[in-house]
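If you want the building blocks of each chain, they are given just below.
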Amino acid sequence: MRIAAARVIVTCPGRNFVTLKIVTDEGVTGVGDATLNGREQAVAAYLAEHVVPVLLGRDPARIEDTWQALYKGAYWRRGPVTMSAIAAVDTALWDIKGKVAGLPVYQLLGGRCREGVTVYGHAAAETLDDLLTDVARLTDAGYRAVRVQTAVPGLRGTYGVSADPRTYEPAGSALPAEAVWSTPRYLAHVPGVLARVRAEFGPELRLLHDAHHRLTPIEAAALGRDLEPYRLTWLEDPVPAELQEGYRLIRGHTTTPLAVGEVFNSIWDCRRLITEQLIDYIRTSVVHAGGISHLRRIFDLASLYHVRSGSHGATDLSPVCLAAALHVDLSIPNFGLQEYMPHTAETDAVFPHGYRFADGYLHPSEEPGLGVDIDEELAARYPYRPASLPLNRLEDGTLHSW
Ligand SMILES: O=C(O)C(=O)C[C@H](O)[C@H](O)CO
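The protein carries the name Mannonate dehydratase in an unreviewed UniProt entry, which gives Actinoplanes digitatis as its organism.

Here it is in structure tokens:
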């Protein structure tokens, strides 16, 4: 069997997604997500110009060899654009392999390690009372783990809080919108929020919080300490992760578990944090960390060091990525949690899929392959719309991490 065609499909059913569809000379197809929020066209061009020509005529069964060819063959290794493009190819080839074998991909990865994939949902609101209502919405729906974000009084545009709590769309305008940030206000506000949610919902509900790369290590250490009484499952992205020594400093001061990795692209970004046991959850995703093959490699390394998976799963990762993530989640020994934000009805229609949510768990499709596809005709009705992630400024105007 040979790869006969590979199509790059950019569509915007409410938000932009980039999908690669590989077609073999025997008519078997596979799909892979290549969406990089706010930089979609860079990956689309990388795929169309530099990857598709290399794929044509290759044996689709040679997944690892193709991965190595794209990684080593570029010479310019790693980075989000390259690794998202490689991810799309890798994911599509696993999809094809599953279809050819007549098995869901998780069976090819070693089979089930659990009955379902525990997911966490997102509760977010402007006020504490509305937040409690939103957490209740999720627990009523069966979620066992909830990420909790609120607006910080006095600040415009706090991360994670949108007008409609059921949607999360940070890339809301063609050019970057600007939000305002104050670490002192945030640090004064958040512990009270978690205290109230814990008091209201009791000890069983797993609670998470995302600082979204905004703190310094010592600020994060103080927050981690303040949050200890509320027994978080994790504090996410406490500091920008370029300076990984920062995690040692945080670790030295708090037992609040730490999660990071959604912006990481390769095992090399994760190695130190994992092998020095500076984190508890690694949040790399299929789409941004080189596909199913490379994600497995990262999670295998993590398993040696008591680090569990906690894959990124915001709505800017397409249903193709989520479907693939579930096959990985089901088959690894050190699964932790999977992030889950349901996509809109328009997105779900463009990406028909067989995964389903029940009682706090997601279950992958039992169809051969990944159990997800793209309806190309429908996708063509939603042309690309430029959309940028926001900027964040301190109250005095200084640019800060968003
Ligand atoms: O899901 C999360 O934890 C995020 O932080 C989501 C990111 O802001 C989002 O994927 C950026 O595109």
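Caption draft 1: Geometry of the site of the ligand. Surveying the vicinity of the ligand reveals the residues Asn37, Pro170, Asp210, His212, Glu262, His312, Ala314, Asp316, Glu339 and Leu389. Residues of the shell around the ligand, tallied by class, amount to 3 nonpolar, 3 polar and 4 charged.

Caption draft 2: Quick peek at the domain arrangement of the protein. Annotation of the protein at the domain level lists domain 1 (3-104) and domain 2 (108-366). Distance between the C-alpha centres of domain 1 and domain 2: 26 Å. Within the residue set of the side of domain 1 that touches domain 2, elements represented by two or more residues are strand E2 (17-24), strand E3 (29-33), helix H2 (63-73) and helix H3 (80-101). Considering each element in turn, the side of domain 1 that touches domain 2 owes the most residues, 11 residues, to H3.

Caption draft 3: Structural view of the environment of Glu126. For Glu126, the position within the fold is in the loop between strand E4 (117-125) and helix H5 (128-140). When residues no more than four places from it in sequence are discounted, the contact partners of Glu126 are Ala151 and Val161.

Caption draft 4: Highlighting the sheet that holds strand E15 (residues 391-394). Here we have 3 strands laid out as an open sheet, ordered E6-E15-E16, and mixed in their pairing. Where the open sheet ends on each side, the last strands, each with one partner, are strand E6 (178-181) and strand E16 (399-400). Examined bridge by bridge, E15 and E16 share 2 bridges and lie antiparallel to one another. Along E16, the bridge assignment pairs Asn392 with His400.

Caption draft 5: Fine view of the sheet that holds E3. Read from one edge to the other, the open sheet built from 3 strands follows the order E1-E2-E3, with strand pairing classed as antiparallel. The outermost strands of the open sheet, each flanked by one partner alone, are strand E1 (3-11) and E3. The mean inter-strand angle of the sheet, taken between neighbouring strand axes irrespective of direction, is 20°.

Caption draft 6: Spotlight on the nonpolar core. Leu20, Leu47 and Ile279 are the most contacted members of the largest nonpolar core, which has 106 residues in total. There are two domains that each give this core at least three residues, and those are domain 1 (3-104) and domain 2 (108-366). Setting aside its immediate chain neighbours within four residues, Leu47 contacts Val8, Leu20, Ala34, Val52, Ala85 and Ala88.

Caption draft 7: Quick peek at the packing of helix H9 (residues 267-275) against helix H10 (residues 291-303). H10 packs onto H9 with a crossing angle of 10° between their chain directions and a minimal axis gap of 10 Å. Put simply, H9 runs roughly parallel to H10. Here Ile267, Cys270 and Ile274 of H9 come into contact with H10, specifically with His294, Arg297, Ile298, Leu301 and Ala302. Residues belonging to the contact of H9 with H10 are distributed by class as follows: 6 nonpolar, 1 polar and 1 charged.

Here is what the cut-offs are and how they apply
Every residue gets a number counted from 1 within its own chain, in the order that chain's sequence is written. Per-residue local features of the predicted model are confined to residues with pLDDT of at least 70, and side-chain atom pairs are confined, for both listing and counting, to 80 or more; whole-chain, interface and lining totals are unaffected and use all residues. We call a residue near a molecule or strand when the C-beta position, derived from backbone atoms, sits within 6 Å of it. Residue polarity is assigned by list, with Asp, Glu, Lys and Arg as charged and Ala, Val, Leu, Ile, Met, Phe, Trp, Tyr, Cys and Pro as nonpolar; anything else, Gly included, falls into the polar class. Domain delimitation follows an automatic or database domain assignment. Labels follow the DSSP assignment, with helices taken as runs of H or I lasting at least four residues and strands as runs of E lasting at least two, numbered in each case from the N terminus. We call two residues in contact if the C-beta atoms placed from their backbones are at most 7 Å apart. Two strands make a pair as long as DSSP finds a minimum of two bridges between them. Axis definition: a line fitted to C-alpha atoms, limited for helices to the stretch in contact. Angles are taken between N-to-C directions and run from 0 to 180 degrees. Any nonpolar core is a set of buried residues, restricted to Ala, Val, Leu, Ile, Met, Phe, Trp, Tyr and Cys, that join up through C-beta atoms within 7 Å. Put simply, a residue is buried when 20 or more other C-beta atoms lie within 10 Å of its own C-beta and exposed when 12 or fewer do; between those, it is partly exposed, and each C-beta is set from the backbone. Roughly parallel means an angle under 35 degrees; roughly antiparallel means over 145; roughly perpendicular covers 65 to 115; every other angle is labelled oblique.

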